[in-house]
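# Observations on chain architecture
Residue strings, one per chain:
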Amino acid sequence: MMSKLKSDRPLYRFNGGVHPPGYKEQSTREPIAIAPLPQRLIVPLHQSIGGTPRPLVKPGDRVLKGQLIGAADGWISSTVHAPTSGIVRDIALHVQPHPSGLSALSVLIDVDGKEEWSERNPPDYASLTPDDIRRLIQQAGIVGLGGAVFPTHGKLTPSAKFPMEDLVINGGECEPYMTCDDMIMRERAEGIVRGAAIFRDLMQPKRVMIAIEDNKPEAIAAMRAAVQAVGEPFEVVPVPTLYPAGCAKQLIRVLTGKEVPVSRRSTDLGAQCFNVATAYSAWRAVCFGEPMISRVVTLTGNVGRAHNVEALFGTPIEELIALAEPKPDTDGILVGGPMMGFLAPDTAAPIVKSTNCLIAHSPDLFPPRAPEMPCIRCGECARVCPQDLQPYELYRFARARNFGKAQEYHLFDCIECGSCAYVCSSHIPLVHYFLFAKSEIWAREREKKAADQARDRFQAKQKREEREKAEKAEKLAKAAAAQAAKKAAEAANLGALDPEAAKKAAIAAAQERAQAQRAAAQPKNTEALTAGQQQEIAEIDARRAQAGVDHPESSS
Amino acid sequence: MSLISAPHFRPEDSVRKIMLTTCAALLPGIAIYAWLIVPAILTQLLIASAAALAGEALMLKMRGKPLGLFLTDGSALLTAWLIALTFPPLSPWWLIVTGTLFAIIITKHLFGGLGQNVFNPAMMAFAVCIVAFPALMSQWPSPGLQLSFADQNRIIFGLSPLLDSIAGATPLDALKTALKREGTIGVPELLQNRQIYGALAGRGWEWVSSAYLLGGLFLLQRRIITWHAPVAFIVSLAALAGLLWWFDPSRFASPLFHLFAGGATIGAFFVITDPITGCATPRGQLIFGAIVGLLDYLIRVFGGYPDGVAFAVILMNIAAPLIDALTQPPVFGMKGKSP
Ligand code: SF4
Ligand code: SF4
């Protein structure tokens, strides 16, 4: 049966968007393969938005497949599990799949090849309370697999104030080259539907929509069949192919007409959105007790055998892309899609929960950008911006380092989709400037916060010391007074004999008292130094925070 | 391989493509101009182009910019063509050269070069020359001029004089005179002289204007320009012209006349759509176009100059950044709310 590619429900559109070439067909010819076990895994502890999980193992420990090795640090934090069985060789800094090439604490596991599972206890779904399920999802390390890696359990609580209307399961996958979600929908449609049903049970929405860009007819057909087979009242909605329709807020707009501002949660407008692969993983976790230890990754680009593989987290990029047989002129590996991805600074970095696609880069496939010209204000960037921003103004302000103005022009509403830079007639790498401006603003805010904290700490310390000083002075004064009284008494006794001596004693006592008070009141010159040190410490703290967390807003 | 950020696809459009497509859109107008008015326009286009490229190369060298990249971006060429097409076609060569060099050196490069200029270079050239050389800038070839291409070129290069019988005022000028000398001859009677005024707005010129309109539609279709500024300009010019015409048709010409006379169509599609010196927000472009239309009418009908596009555009160039700042569209998720 030919699947209908037009949606039954009226759809809305967002402004802008672009039509980059798809290049998707090449990696959908083979079914999802299982990547062979690597010799060694590098499992970073921090793989999602939110707090960094605490390591639970130490070098030399034997770990089992699925064993918890990183515990959640707070509610908006996820867990990390051993992707297979083996021995923990070390817990050390290792280079990350991050554009800056930074290193982060990772558990290095020597794989023993036995694939020995830790205990899996599939719970009885019917007996679970919603809180149980959310905890289960957190414990299984489920995070958004669409790329944002927000801990899924944190998105599964409906807003107390706003009724939940639309639950969106996102099969948009608008990035060119990327087909991992497409393949999951074709091959694991039923699991996705069952995962969506779990989300539905928790969120109690009015409707559940599975949205798929209309360039994926096979996935649409498979999802429709699965919905029917499982017997859920979910709607499979083909949406027009338009980048970035797969971004959650744009997709919510297309399906419901609701526009969720960047600064707000979509639940405030009664909508929530999960990626298809996330729904699948949630189902495996809740119904089979399987934590998130692998994901489907598209291997494509300048390769002989483009396909999708199920890869364990921690597999080095270079080992994984080798499975696709990169051609000799490959000169780098893109992590993510060509619109939003980045060139891996080091291919020894591992696959993590956010790694959805590896693209072998070659000068033929991705010719270098033509030289940057001055902006001619042609406005094309603004016409394609899905967030309705004026990228040319943001660019102007970012270039002039006028960050206040950039914020006034809504820099932080930019979702870095790259549409503007994709069309820029002057070939300006606009997103690059926006990232620069954002990171500068964050750095300044951190500095300011650190300085504020240092100042507060200093002031508190000063107050405490003043109080202590006052107390000490009081004590000293009391002691001196007692001493003086004693001396006076002695003098009085003596006085009968020698009034001169009594007078001298009284003066000495008074002097003693005054000196004690002076000593108490004199500031110690070490305090100035302490303030400087405080500042320094605060700055070091700030830098540390910066290195560990790339999005400060994520901690919110 | 670049280490800068995504996207990793290369944009298809380029400044060069935009500028050269705009030049290409002028070709129908140029062809009709050369055919119906004077072929000497081709000479002027060559002179202006040469002067513009020379001035551009000189300034790029002085400013230490890569010559290969910027000289070929087409922006100087477009400026040159707009100058040649808006100056009287039998002007002496040095007038075109002066105007072009002023546009490129002062208006463009001294303001910071491509993308930085505040004023439309071609309109600046026109305005400066009409102030400095009012007589030369008002001598338009008489309708139905019989003069060989060689003779026209002799005039341009100063080898033979530009006689009064060859050149004169434009239809817009004639109307202005008629308006001032109230009563002697009404506009309708004046316009009945098809020998001079053709079917619409000047013999031959109406076809040149139509060809510019055609070129403008091509630019719209290629998405090089948007409809906002041209439509606003045309509507406001036509509305004001229509109002006065309705008020007193014996003294004011019809909106149709105004739309096809002078620089209205080239202005609407090739000048006020200049992204660098115009507005960039859609609402800004509407405001920009509308006010240029009003000012153009006021200047060409009541002012001291034969046409008002240049002055109107220059005035609005100053206001464009402010208009842009005041017409920022609401961002995603903020519609209907104050941002
Ligand atoms: S697309 Fe590029 S040249 Fe055009 S306005 Fe935007 S930033 Fe400027
Ligand atoms: S990267 Fe930002 S500014 Fe550019 S189109 Fe996307 S949202 Fe708009």
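Before any of the text, the structure's been laid out above.
Bear in mind that the values here come from a model prediction, so they are computed numbers and not experimental data. In this convention, every chain numbers its residues from 1, walking through the sequence in written order. The naming scheme follows written order: chains are lettered A onward, ligands numbered 1 onward. Selection of residues for local features in this predicted model requires a pLDDT of at least 70, selection of side-chain atom pairs for listing and counting requires 80 or more, and totals for whole chains, interfaces and linings are taken over all residues. Values reported for side chains reflect all heavy atoms of the structure, with hydrogen atoms and water molecules removed beforehand.

### Brief notes about the overall build of chain B
- Assigned secondary structure in chain B consists of 16 helices and two strands.
- Per-residue accessibility, obtained with a 1.4 Å probe over protein chains only, is compared with the maximum for each type, and a residue is labelled buried under 20%, exposed over 50%, and partly exposed between these values. A buried classification covers 56% of the 339 residues belonging to chain B.
- By sequence separation, contacts in chain B at least 24 residues apart represent 76% of the contacts at least 6 residues apart.
- Carbon and sulfur atoms provide 69% of the accessible area of chain B, an area that totals close to 14,100 Å². Each helix corresponds to a stretch of at least 4 residues labelled H or I by DSSP, and each strand to a stretch of at least 2 residues labelled E; elements are numbered beginning at the N terminus. Throughout, a residue-residue contact means that at least one pair of heavy atoms, one from each residue, lies within 4.5 Å. Areas reported as accessible are Shrake-Rupley estimates using a 1.4 Å probe. Residue values count occlusion only from the protein chains shown.

### Things to note about the overall build of chain A
- A tally of helices and strands in chain A yields 14 helices and 17 strands.
- Buried positions account for 52% of the 556 residues belonging to chain A.
- Accessible surface computed for chain A: about 24,500 Å², of which carbon and sulfur atoms make up 54%.

### Quick word on the site of ligand 2
Residues and elements named next belong to chain A.
- Not every one of the 14 residues close to ligand 2 is listed here, only the nearest: Cys385, Cys414, Cys417, Gly418 and Cys420.
- The set of elements that each furnish at least two residues to the shell around ligand 2 consists of helix 11 (419-423) and helix 12 (430-495).
- Under the scheme applied here, ten amino acids are nonpolar (Ala, Val, Leu, Ile, Met, Phe, Trp, Tyr, Cys and Pro), four are charged (Asp, Glu, Lys and Arg), and all others, including Gly, are polar. When its residues are assigned to classes, the shell around ligand 2 shows ten nonpolar, three polar and one charged. Residues are classed as near a molecule or strand on a simple rule: at least one heavy atom within 4 Å of it.

### A word on the interface of chain B and chain A
- Each partner contributes to the interface: chain B provides 37 residues, whereas chain A provides 62 residues.
- Take the accessible area each of two parts loses on contact, using a 1.4 Å probe, and add the two losses: that sum is the buried area. Between chain B and chain A the total buried area reaches about 4,200 Å² when both faces are included, carbon and sulfur atoms providing 63% of it.
- Of all residues in chain B, His8(B), Phe9(B) and Phe332(B) bury the most surface against chain A, accounting for 22% of the area lost on that side.
- Between Asp324(B) and Arg377(A) there is a salt bridge, with its nearest N and O atoms 2.5 Å apart.
- Whenever a nitrogen or oxygen atom comes within 3.5 Å of another N or O atom, the pair is scored as a polar contact, on the condition that within protein one atom can donate a hydrogen and the other can accept it, and that pairs from neighbouring residues in sequence are kept only if both atoms are in side chains. Linking chain B with chain A are nine residue pairs in polar contact (both at pLDDT 80 or more), by the criterion used here.
- Contributions of two or more residues to the side of chain B that touches chain A are made by helix 1 (15-37), helix 3 (67-71) and helix 16 (309-326) of chain B.
- Here the residues of the side of chain B that touches chain A are counted per class, giving 21 nonpolar, nine polar and seven charged. Here, a salt bridge means any Lys or Arg side-chain nitrogen found within 4 Å of an Asp or Glu carboxyl oxygen.

### Quick notes on the side chain of Gln138(A)
- Take Gln138(A): it is sitting in helix 1 (residues 130-139).
- Those residues in contact with Gln138(A) that lie beyond four places of it in its chain are Ala72(A), Gly74(A), Trp75(A), Ser77(A), Ser78(A), Thr79(A) and His153(A).

### Looking at the sheet that holds strand 12 (residues 271-275) of chain A
Residues and elements named next belong to chain A.
- The pairing criterion is simple: DSSP has to find at least two bridges between the two strands. Across the sheet, four strands lie side by side as 11-10-9-12; this open sheet has parallel pairing. Strands at the two margins of the open sheet, each flanked by one partner only, are strand 11 (235-239) and strand 12. Within the sheet, the average angular offset between the axes of one strand and its neighbour, ignoring direction, is 25°.
- Contacts between helix 3 (residues 189-203) and the sheet are confined to strand 9 (166-171), strand 10 (207-213) and strand 12, with strand 9 contributing the most and set at about 155° to the helix. Think of each axis as a best-fit line through the C-alpha atoms, taken over the contacting stretch in the case of a helix, with angles from 0 to 180 degrees between the N-to-C directions.

### A look at the state of the cysteines
All names here are of chain A.
- The disulfide criterion is simple: two cysteine sulfur atoms within 2.5 Å. Applying the stated criterion to the full structure yields zero disulfides over all chains.
- Of all cysteine sulfurs in the structure, the one in cysteine 180 sits closest to cysteine 357, which takes part in no disulfide; the separation is 6.7 Å.
- Under the relative-accessibility criterion, cysteine 357 is labelled buried at 0%.

Purely spatial values, then, with no claim about function.
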